[in-house]
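Structure assessment
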Amino acid sequence: MRSIMFKNGVLYALDSSRLPHREVWLKLRNANQVASAIREMRIRGAPLIGVAAAYGLALEALKYRGKDANRLREIVLKTSEYLKSVRPTGRNLSWAIDRCLKAIEKEGAVDGIKKRLLEEAEKIANEDVETNLKIAKNGLEIIMDGDKILTHCNTGGLGTVEYGTALGIIRVAWEKGRRIFVIATETRPLLQGARLTAWELKKYGIPFKLICDSMAGYVMSMGMVNKVLVGADRILSTGHVANKIGTLTLAILAKHYGIPFYVAAPFSTFDFTTKPQEIPIEERSPEEVTHFAGRLVTVKDVEVINPAFDITPPELISGIITEKGVIRPPYSENIPKFINKS
Ligand code: MRU
C-alpha cells in the first residue's frame with residue numbers, strides 16, 4: 001500500500017506521527033499544509049519528503065485562479081524556497097523541487113504550468129516505487145540466509161512511497177525466502193524504529209527484536225548482529241553519509257566488531273557538490289529530548305543538543321546499495337562511475 005496518494009485535488013498521506021496506534025490519513029490541500037506535515041514529521045523519510053514537497057508545489061499552483069503565468073511562476077518559486085527550507089538535511093527534498101521547476105521551464109501558460117507540476121509529482125512518486133524495487137533487487141547480493149541484520153530509524157514503506165530502501169531490501173529478501181532476523185533500534189528521540197519499523201516488520205511477518213539505541217554495542221559484542229543496513233538522507237561524492245542521528249555510533253561499533261555496514265539509498269539522495277563540513281544538519285526542538293510521551297523527564301530549563309542527523313565517513317561504510325548497483329569503496333573513484341549507468 002502506498003503511503004501517499006493524490007486524488008481529486010487532495011493529497012492523502014499516512015500520518016507517521018500517529019503510528020503504530022492509529023492509522024490516520026492526512027488530507028492536504030496546499031503547500032502550507034504539506035510543509036507543516038513535513039516539519040511535524042507526520043510525513044518523514046528523505047524520499048517521501050521529496051515526493052510530498054513535489055505534490056505541495058502542484059497543490060499551490062492548482063489553487064491559483066488568475067491568468068498571469070508570470071505571477072504563477074513567482075508563486076511557485078516562492079513556495080519552492082519555503083518548502084526546501086522545512087527540513088534541510090535530506091537531499092531528496094531539493095532534488096524533487098528542482099526537478100519540478102525544470103519541468104515548467106518552457107511552459108508559458110497557467111494551465112500548462114499546473115498540468116506539468118502535477119504530472120512531475122506523479123512521475124517522481126511512481127519512480128520512487130520502481131527505484132526502491134531495484135534497490136531491493138540489488139540488495140539481495142549482500143543478504144544471506146541466516147543473516148542477523150541491525151537497522152536504524154525507519155527506511156521502509158513509511159519513509160518512501162512504497163517498499164523503502166534499507167527496509168525494502170529486508171522485506172524483499174524475506175519474501176524471496178532468505179531466512180533473516182532483524183534487530184531494530186528504537187531510534188531516540190522520536191522512536192521511528194520502535195513505532196514505525198516495528199509496525200512494518202510485524203505487518204510483513206519478518207522476525208525481529210527491538211532494542212534501545214544504547215544496547216547496540218552489547219548486541220554486537222554478543223554476536224547477535226552480523227550486518228548493519230541503514231538508509232541515508234544525503235550522500236556526498238566522497239561517500240560521506242548523512243543519516244538519522246545514531247548512525248555514526250552504529251558504524252563505529254560495527255567497525256570495532258568487524259561487522260559489515262551497508263547504506264541503501266536512491267541516486268536522488270546523492271549530492272555531488274556539497275562538502276562534508278557544509279551538510280546542513282537539522283537541529284530540532286529541545287522538547288524532543290526533554291520530554292517523553294508528552295512528560296518532562298529532566299530538570300526544568302535544561303540546555304539540549306538535538307541534531308536530527310549525523311555524518312558517517314566513508315571509511316566505515318562497506319557498500320552503498322543503489323538502484324544502479326552496489327557501490328564499493330573507494331567511493332570518490334567509484335560513485336562517479338555509477339552516475340551515468342542505467
Ligand atoms: O527524521 P527522519 O525520520 O525523516 O529520518 C529518516 C532517516 O534518517 C532515514 O534513514 C532516511 O530518510 C531514509 S528513509 C528511506
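Note that the structure is predicted; figures quoted are calculated from it, not measured. (Residues numbered from 1 in each chain as written. Predicted model: local features only at pLDDT ≥ 70, side-chain atom pairs only at ≥ 80, totals over all residues. Heavy atoms only, no water.)

**Quick look at the overall build of the protein**
Applicable threshold: Secondary structure is summarised from DSSP: a helix means a run of H or I of at least four residues, a strand means a run of E of at least two, and numbering begins at the N terminus for each. Throughout, the radius of gyration refers to the C-alpha atoms, and the reference size of a globule is 2.2 Å times the residue count to the power 0.38. Only protein chains enter the calculation, and the probe is 1.4 Å; a residue is then buried if its accessible area is under 20% of its type maximum, exposed if over 50%, and partly exposed in between. Whether two residues are in contact is decided by their heavy atoms: any pair within 4.5 Å suffices. Surface accessibility follows the Shrake-Rupley procedure with a 1.4 Å probe radius. Residue values consider only the protein chains on display as shielding.
From N to C terminus, the protein includes eleven helices and 16 strands. The C-alpha radius of gyration of the protein comes to 20 Å, within 12% of the 20 Å expected for a compact globule of 342 residues. Its C-alpha atoms put the protein at 65 × 55 × 40 Å along the principal axes. The buried share of the protein, reckoned over its 342 residues, is 57%. In the protein, 74% of the contacts between residues at least 6 apart in sequence involve partners at least 24 apart. Accessible area for the protein stands at about 15200 Å²; split by element, carbon and sulfur atoms hold 53% of it.

**Some remarks on the sheet that holds strand β8 (residues 234-236)**
Put simply, the test is: By the convention used here, strands pair only if DSSP detects at least 2 bridges between them. The axes are straight lines fitted to the C-alpha atoms, using for helices just the contacting stretch, and the angles between their N-to-C directions are given from 0 to 180°.
Taken together, the four strands give an open sheet; going across it, the order is β11-β8-β9-β14, and neighbouring strands pair in mixed fashion. Two strands lie at the open edges of the sheet, namely β11 (270-271) and β14 (309-312), each paired on one side alone. Both strand β9 (residues 241-244) and β14 contribute to a ladder of four bridges, which runs antiparallel. Of the residues in β14, the one forming a bridge with Ala-242 is Ile-311. In the packing of helix α9 (residues 247-256) onto the sheet, contacts are made with β9 and β14, and the angle to β14 comes to roughly 35°.

**Re the domain arrangement of the protein**
What counts is decided by this rule: Where each domain begins and ends follows an automated or database-derived domain assignment. Buried area: the accessible area, evaluated with a 1.4 Å probe, that two parts lose upon being put together, summed over both parts. Salt-bridge detection follows one rule: a side-chain nitrogen of Lys or Arg within 4 Å of a carboxyl oxygen of Asp or Glu.
Entries for the protein in the domain assignment read domain 1 (4-134) and domain 2 (143-339). Distance between the C-alpha centres of domain 1 and domain 2: 25 Å. If you look at the interface, domain 1 gives 29 residues, while domain 2 gives 33 residues. Taken together, both faces of the contact between domain 1 and domain 2 bury some 2700 Å²; the carbon and sulfur share is 58%. The largest contributions to the domain 1 side of the interface with domain 2 come from Arg-44, Thr-89 and Arg-91, which together make up 24% of the buried area. The interface formed by domain 1 and domain 2 holds one salt bridge in total. Its salt-bridge partner being Glu-282, residue Arg-87 comes within 2.8 Å of it at the nearest N-O pair. Elements that contribute at least two residues to the side of domain 1 that touches domain 2 include exactly α2 (46-63), α4 (91-103) and α5 (110-139). Among the elements that take part in the side of domain 1 that touches domain 2, α5 stands out by supplying seven residues, more than any other.

**Some remarks on the packing of helix α6 (residues 166-175) against helix α7 (residues 192-204)**
Selection criterion: Geometric relationships in this document are graded by angle, where less than 35 degrees denotes roughly parallel, more than 145 denotes roughly antiparallel, 65 to 115 denotes roughly perpendicular, and other angles denote oblique. Helix crossings are classified by the rotation of the near helix relative to the far one: an anticlockwise turn of less than a right angle makes the crossing left-handed, while a clockwise turn makes it right-handed.
The interhelical angle for the contact between α6 and α7, taken along N-to-C directions, is 15°, at an axis separation of 11 Å. Between α6 and α7, the angle is such that the two are roughly parallel. Seen from above, α6 lies across α7 with right-handed handedness. Mapping the contact onto sequence places Leu-167, Ile-170, Arg-171 and Trp-174 in α6 and Thr-197, Glu-200, Leu-201 and Tyr-204 in α7.

**A short note on the side chain of Glu-120**
Take Glu-120: it is sitting in helix α5. For Glu-120, a relative accessible area of 5% gives the class buried. Excluding anything up to four places from it in sequence, Glu-120 contacts Arg-99, Cys-100 and Ala-103.

**Quick look at the nonpolar core**
Using the following cut-off: Side-chain atoms within 4.5 Å link the members of a nonpolar core, which is a set of buried Ala, Val, Leu, Ile, Met, Phe, Trp, Tyr and Cys residues.
If you look at the biggest cluster of nonpolar residues, it comprises 47 residues, and the most contacted ones within it are Ile-4, Leu-11, Ile-43, Tyr-55, Leu-57, Val-76 and Leu-117. Contributions of two or more residues to this core are made by β1 (4-7), β2 (10-14), β3 (25-28), α1 (31-39), α2, α3 (69-86), α4 and α5. Ranked by the residues each element gives to this core, the list is headed by α2, at eleven residues. In contact with Val-76, not counting residues within four places along its chain, are Leu-57, Ala-61, Leu-101, Ile-104 and Leu-117. Counting residues in hydrophobic clusters, the runner-up holds 28 residues, among them Ile-211, Val-230, Phe-261 and Ala-265.

**Concerning the sheet that holds strand β16 (residues 325-327)**
Spatially, the seven strands line up as an open sheet ordered β6-β5-β4-β7-β10-β15-β16, and their pairing is mixed. Either end of the sheet is taken by a strand with one partner, and the two such strands are β6 (208-211) and β16. Looking at each pair of strands side by side, their axes are set apart by 25° on average, direction ignored. Relative to strand β15 (residues 319-322), α5 is tilted by about 135°, and along the sheet it contacts β10 (261-264), β15 and β16.

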